[in-house]
Amino acid sequence: METKRNQKYYTAPPISIIAIIGIAILAVGLFLALVFGNQGMRFPGIIITIVGLAVAVLGSGGKSNDTDIEFNVSERIKDLQELSEKKFEVYEKSFLKMLRPINLRGYDFEAKETPMYYKKGADGVDRTNYFTGCNLIFTSEKVYIYMRRFSLIDESIDETVTKSFFFTELDNATVEEKTFNYTKNDKPISVKYYVFRINKLDGEPALEMCVDYGADIDQYVDQISRAITTRKKELEKRAKETAERRAAFRAQIEAERAAEKASKEAETENSDNLPKE
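Read on for an overview of the structure. (Residues numbered from 1 in each chain as written. Predicted model: local features only at pLDDT ≥ 70, side-chain atom pairs only at ≥ 80, totals over all residues. Heavy atoms only, no water.)

### A word on helix 4 (residues 66–77)
Every α-helix winds through 3.6 residues per turn, so residues three or four apart in the chain are directed the same way. We apply this condition: The helix and strand labels rest on DSSP assignments: H or I over at least four residues marks a helix, E over at least two residues marks a strand, and numbering proceeds from the N terminus. Between the first and last residue of a helix there are one fewer steps than residues, each counted as 1.5 Å, and that sum is the expected span. Only protein chains enter the accessibility calculation, which uses a 1.4 Å probe; a residue is then buried when its area is under 20% of its type maximum, exposed when over 50%, and partly exposed in between. The directions from the helix axis to the C-beta atoms are what the arc is built from.
Taking 1.5 Å as the rise per residue, helix 4 with 12 residues should run 16 Å; its terminal C-alpha atoms sit 17 Å apart, in good agreement. Those residues of helix 4 lying buried are Asp66, Ile69, Asn72, Val73, Arg76 and Ile77. All buried residues of helix 4 fall inside an arc of 130° around its axis, so they share one side. Exposed side of helix 4, more than 90 degrees from the buried face: Thr67 and Phe71 are the residues found there.

### Concerning the sheet that holds strand 5 (residues 142–151)
Rules: Pairing between strands is defined by DSSP: at least two bridges between the two strands are required. Between the N-to-C directions of two axes lies an angle of 0 to 180 degrees, each axis being a line fitted to C-alpha atoms and, for a helix, fitted only over the stretch in contact. In this analysis, two residues are considered to be in contact whenever any of their non-hydrogen atoms come within 4.5 Å of each other.
Across the sheet, four strands lie side by side as 1-4-5-6; this open sheet has antiparallel pairing. Each edge of the open sheet carries a strand with a single partner, namely strand 1 (102–107) and strand 6 (158–166). Ignoring which end each strand starts from, the neighbouring axes of this sheet average 15° apart. In this structure, strand 4 (residues 130–138) lies alongside strand 5, joined through nine bridges in antiparallel fashion. What sits directly across from Ile137, in strand 5, is Tyr144. Across the face of the sheet, helix 4 comes into contact with strand 1, strand 4, strand 5 and strand 6 while running at roughly 140° to strand 1.

### Quick notes on unusual backbone geometry
In most cases, non-glycine residues show a negative phi, while peptide bonds are predominantly trans. That bond from Thr114 to Pro115 is cis: its omega, 0°, falls within 30 degrees of zero. Of note in this structure, Glu89 is not a glycine but carries a positive phi near 55°. The exposure class assigned to Glu89 is exposed, which follows from its relative accessible area of 63%.

### Remarks on the packing of helix 1 (residues 3–11) against helix 4
We count it as follows: Orientation labels follow simple angle bins: below 35 degrees gives roughly parallel, above 145 gives roughly antiparallel, 65 to 115 gives roughly perpendicular, and whatever is left gives oblique. What makes a crossing left-handed is the near helix being turned counterclockwise from the far one by less than a right angle; a clockwise turn instead makes it right-handed. Polarity classes work like this: nonpolar for Ala, Val, Leu, Ile, Met, Phe, Trp, Tyr, Cys and Pro, charged for Asp, Glu, Lys and Arg, and polar for all others, with Gly in that last group.
Where helix 1 contacts helix 4, the two axes come as close as 10 Å, and the packing angle between them is 130°. One element, helix 1, and the other, helix 4, form an angle in the oblique class. Handedness of the helix 1/helix 4 crossing: left-handed. Here helix 1 contributes Arg5, Asn6, Tyr9 and Tyr10 to the contact with helix 4, which in turn contributes Asp66, Asp68, Ile69 and Asn72. Per-class residue counts for the contact of helix 1 with helix 4 are three nonpolar, two polar and three charged.

### Things to note about the side chain of Thr128
Inclusion rule: Within 3.5 Å is the distance limit for a polar contact, defined as a pair of N or O atoms, with the added protein rule that one can donate a hydrogen and the other accept it, and that residues adjacent in sequence qualify only through two side-chain atoms.
Position of Thr128 among the secondary structure elements: in strand 3 (residues 126–128). Taking relative accessible area as the criterion, Thr128 reaches 0% and is therefore assigned buried. A polar contact is formed between the side chain of Thr128 and the backbone oxygen of Tyr130, at a distance of 3.1 Å.

### Comments concerning the pairing of strand 8 (residues 187–200)
Both strand 7 (residues 170–184) and strand 8 contribute to a ladder of 14 bridges, which runs antiparallel. Each bridged residue has a counterpart across the sheet, and for Thr183 the counterpart in strand 8 is Pro188. Between the antiparallel neighbours strand 7 and strand 8 lie two residues, among them Asn185 with a positive phi of about 55°. Across six bridges, the pairing between strand 8 and strand 9 (residues 205–211) is antiparallel. Counted as the bridge partner of Tyr194 is Val211 from strand 9. Two successive antiparallel strands, strand 8 and strand 9, enclose a turn made up of four residues, where Gly203 displays a positive phi of approximately 95°.

### Here we look at the packing of aromatic side chains
The test is simple: Only Phe, Tyr and Trp rings take part, Trp by its six-membered ring, and two of them pair if their centres are within 6.5 Å. Stacked means planes under 30 degrees apart, edge-to-face means over 60, and tilted covers everything else. Any Lys NZ or Arg CZ found within 6 Å of a ring centre and within 35 degrees of that ring's normal is scored as a charge over the ring.
Applying the stated criterion to the full structure yields 12 aromatic pairs. Both rings, one in Tyr194 and one in Tyr213, keep their centres 4.1 Å apart while their planes meet at 20°; by these two values the pair is stacked. With Tyr194 in strand 8 and Tyr213 in the loop between strand 9 and helix 6 (215–273), this pair connects stretches of sequence that are 19 residues apart. The exposure class of Tyr194 is buried, given its relative accessible area of 17%. Clustering of aromatic rings is evident, with ring pairs tying together Phe109, Tyr118, Phe180, Tyr182 and Tyr193. A cation over a ring is seen here: Lys119 above Tyr9, with NZ or CZ 4.2 Å from the ring centre. It is Lys142 that lies over the ring of Phe166; its NZ or CZ is 4.7 Å from the centre.

Structure below.
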């Protein structure tokens, strides 16, 4: 990953001085070629235009753009489900039918590391220099979480978090809108961002991460909360039935032991009552 180019994406001005000079040279060249072309300036004007274009391209280069950043991100998180399946040894035949695997992604607005950069891309996307991707796999009993969090400007910040929880440990899923306050060029900026959580019964988050918000996030919240409620009821019912079967089995064993003991006692008593020779 080209971390230096990525850092310039966040820190460099939109147009560099070199690029401005190149654009100016390009404009002069076009002016000479078009306005004074009939006076012998067409060829020199074309040469100046080419030079200006080269300088402008050189000045605008050296830093990542929105597409480059998204490519970096996609490359880092494209194999999360495959890695999760291998890590947990859970494959498609075990997936919960009512809820297929879910992929979550988002730029991290709550990073504790420094430096912390923010930029709103030309594509309208709010980006920081930290990113998290997560794959969730649901089986009949558990939720498996495989998460990768990394920095776009520092390759030493790259961690993988894996964990799993029984549905009976979980409460629900939520998404919360929050505000990120940032100062850039002495100008205060406030940006809305969203935090997705899967909450445990004890109130602690089983999963907590910033996510790209959209209609699918609300859908995931509803689907996961519904799956937790449904699976907990089914698992509790199954546990109750299992406990009842075990209790009935233990009662049967105790009854058989009691009957066997009573039979032996009866045999002993009958033996004692027989006349002695």
